[in-house]
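Coordinate analysis (summary)
Spelled out, the chains give:
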Amino acid sequence: MRPEDGGFPPGTTPFLSSDAAMDRALQAAARGPRGANPLVGAVLTGADGKVISVGWHRGAGTPHAEIDALSLASAANISVDGTTMHVSLEPCNHTGRTGPCSEAIRAAGIRKVIYATPDPQDHASGGARYLAANGIVVERGLRESDARALNNRWFAARAEQRPFVTLKVAQTLDGFTAAADGSSQWITGSPARQDGHRLRRLTDAVLVGTGTAHTDNPRLTARDENGAVSIRQPLRVVAGLRDADAGLQLSGGDGQWLHIRDRDPKRILDVLHERGIGHVLIEGGPTVAGAFIAAELVDELFAYVAPSILGAGKSSFAGLKIDSIREIRRWEWDTTMDGPATRFGADLRLHLRPEERGDF
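Summary of the structure given here. All values derive from a computational prediction rather than experimental measurement. (Residues numbered from 1 in each chain as written. Predicted model: local features only at pLDDT ≥ 70, side-chain atom pairs only at ≥ 80, totals over all residues. Heavy atoms only, no water.)

**Observations regarding the overall build of the chain**
The helix and strand inventory of the chain stands at 10 helices and 16 strands. Computed over the C-alpha atoms, the radius of gyration of the chain is 22 Å, within 12% of the 21 Å expected from 2.2 N^0.38 for a compact globule of 360 residues. Overall, the chain is about 65 × 45 × 40 Å in size when its C-alpha atoms are taken along their principal axes. Among the 360 residues that make up the chain, the fraction classed as buried is 51%. Counted over contacts in the chain with a minimum sequence separation of 6, partners at least 24 positions apart contribute 71%. Carbon and sulfur atoms provide 50% of the accessible area of the chain, an area that totals close to 16200 Å². Separation of charge centres in the chain, based on 41 positive and 43 negative side chains, amounts to 2 Å. (Helix = DSSP H or I, 4+ residues; strand = E, 2+ residues; numbered from the N terminus. Rg over C-alpha atoms; globule rule 2.2 N^0.38 Å. Buried < 20%, exposed > 50% of the residue type's maximum accessible area, 1.4 Å probe, protein only. Contact = heavy atoms within 4.5 Å. Areas by Shrake-Rupley, 256 points an atom, 1.4 Å probe, with all protein chains shown as cover. Lys, Arg positive; Asp, Glu negative; His and termini not counted. Charge placed at Lys NZ, Arg CZ, Asp CG, Glu CD.)

**Focus: helix α6 (residues 152–159)**
Burial of α6 is extensive: 7 of the 8 residues sit out of reach of the surface. Of the residues making up α6, those classed as buried are N152, R153, W154, F155, A156, A157 and R158. Taken together, the buried residues of α6 touch β3 (84–89), β4 (112–117), α5 (144–150), β6 (164–171) and β16 (347–354). Once α6 finishes, Q161 follows within two positions and takes phi at roughly 55°, a positive value.

**A few points about the nonpolar core**
Formed by 27 residues in total, the largest nonpolar core has its most connected members in L167, L207, V237, L272 and F292. Ranked by residues supplied to this core, first place goes to helix α10 (residues 286–294) with 4 residues. Core analysis: the second largest hydrophobic core is formed by 22 residues, A42, Y115, L131 and F164 among them. (Core = buried A, V, L, I, M, F, W, Y, C linked by side-chain atoms within 4.5 Å.)

**Looking at unusual backbone geometry**
Geometrically, the link from Q185 to W186 is a cis peptide bond, its omega value of 5° lying close to zero. Following the sequence through the fold, W186 ends up in the loop between β7 (176–178) and α7 (190–201). Positive phi outside glycine occurs at K321, with the angle close to 55°. As for its position among the elements, K321 is in the loop between β13 (314–315) and β14 (331–333). One non-glycine residue, M337, lies in the positive phi region at around 55°.

**Digging into the environment of H64**
Within the element layout of this structure, H64 appears in the loop between β2 (51–56) and α2 (65–75). Distance in space between the C-alpha atoms of H64 and R330 is 33 Å, their sequence separation being 266 residues.

**Considerations on the side chain of H259**
Looking at the element boundaries, H259 is found in strand β10 (residues 257–260). Looking at H259, the relative accessible area reads 18%, which means it is buried. Here G240 takes part through its backbone oxygen, which lies 2.9 Å from a polar atom of the side chain of H259. At 3.4 Å, the side chain of H259 forms a polar contact with the backbone oxygen of R242. With sequence-adjacent residues up to four places away left out, H259 is seen in contact with T210, V238, G240, R242, D243 and A244. (Polar contact = N/O pair within 3.5 Å; in protein donor to acceptor, adjacent residues only side chain to side chain.)

Geometry only, nothing functional implied.
Printed below as a string of structure tokens:
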């Protein structure tokens, strides 16, 4: 097992208590990306308490954490019969892009499953009941508050029946996304823009306002480092009351785009939810970004900051109507995925999420 895959090198597998094993599962979960699916980690331990494998979920369409841990054990030719799995979220019990984790756990011969918090999704819940009904010892609640805090905004999105919302902005040091004349290509360099395409590949939809659609005329496709169009593409969405011109590149000619004639963030998300969108990436412009922040509907923020100054232009977030420091909107560093601050060429990507607004 390779350390970069979440496993421990042979000969260094430590003994872990249940609490320590769940802590390791939570650490592994934090390596994944936020989005339509929760952050989940899983740790397999043997009867002697030694770690067999550690798995985590790497995003939509990839194996769930439980399957990742099982696959690592299988690749190392280690039997998991009679083992214990610690997982930060109740194993799913449904077939989506992947099969039910509950059935895979039963088939593998795992003796005991300890999970931190139940899955709130009606279509995915029931894994614990299935496992218990099939003779597997099931325990719930170990490190539950930590597990819920890790996915607090994802739980909020599920409770509100809306997509998880990621906002991406590219700005100068003085907070401008475009110059006074409207020009904005390019504030950040190629490495930062390539990372932006990686974010697109993780989402179900990419959204801009009609102003950005007509001014910048973006394609909104997800492309690799060579500029080739990726196999998996998000739905391209433009929101606003203005008619979408026929020449917009985002229309693409493939039918995989949508014009939502609305400016209200909640109604926009309602439309996307009805279409089965679980994760939307908002890319602009300042009016749309400001509207979603004002509505408290941004769950995650990536700010790409270029080491440059414009002095005037379009602010990153418009329409917030903040007149006093008492009304300031504070954010906190997000330590998941690559961490709170990552260099991409000359630019710095900041990863943030809103300050906690309560448990969901």
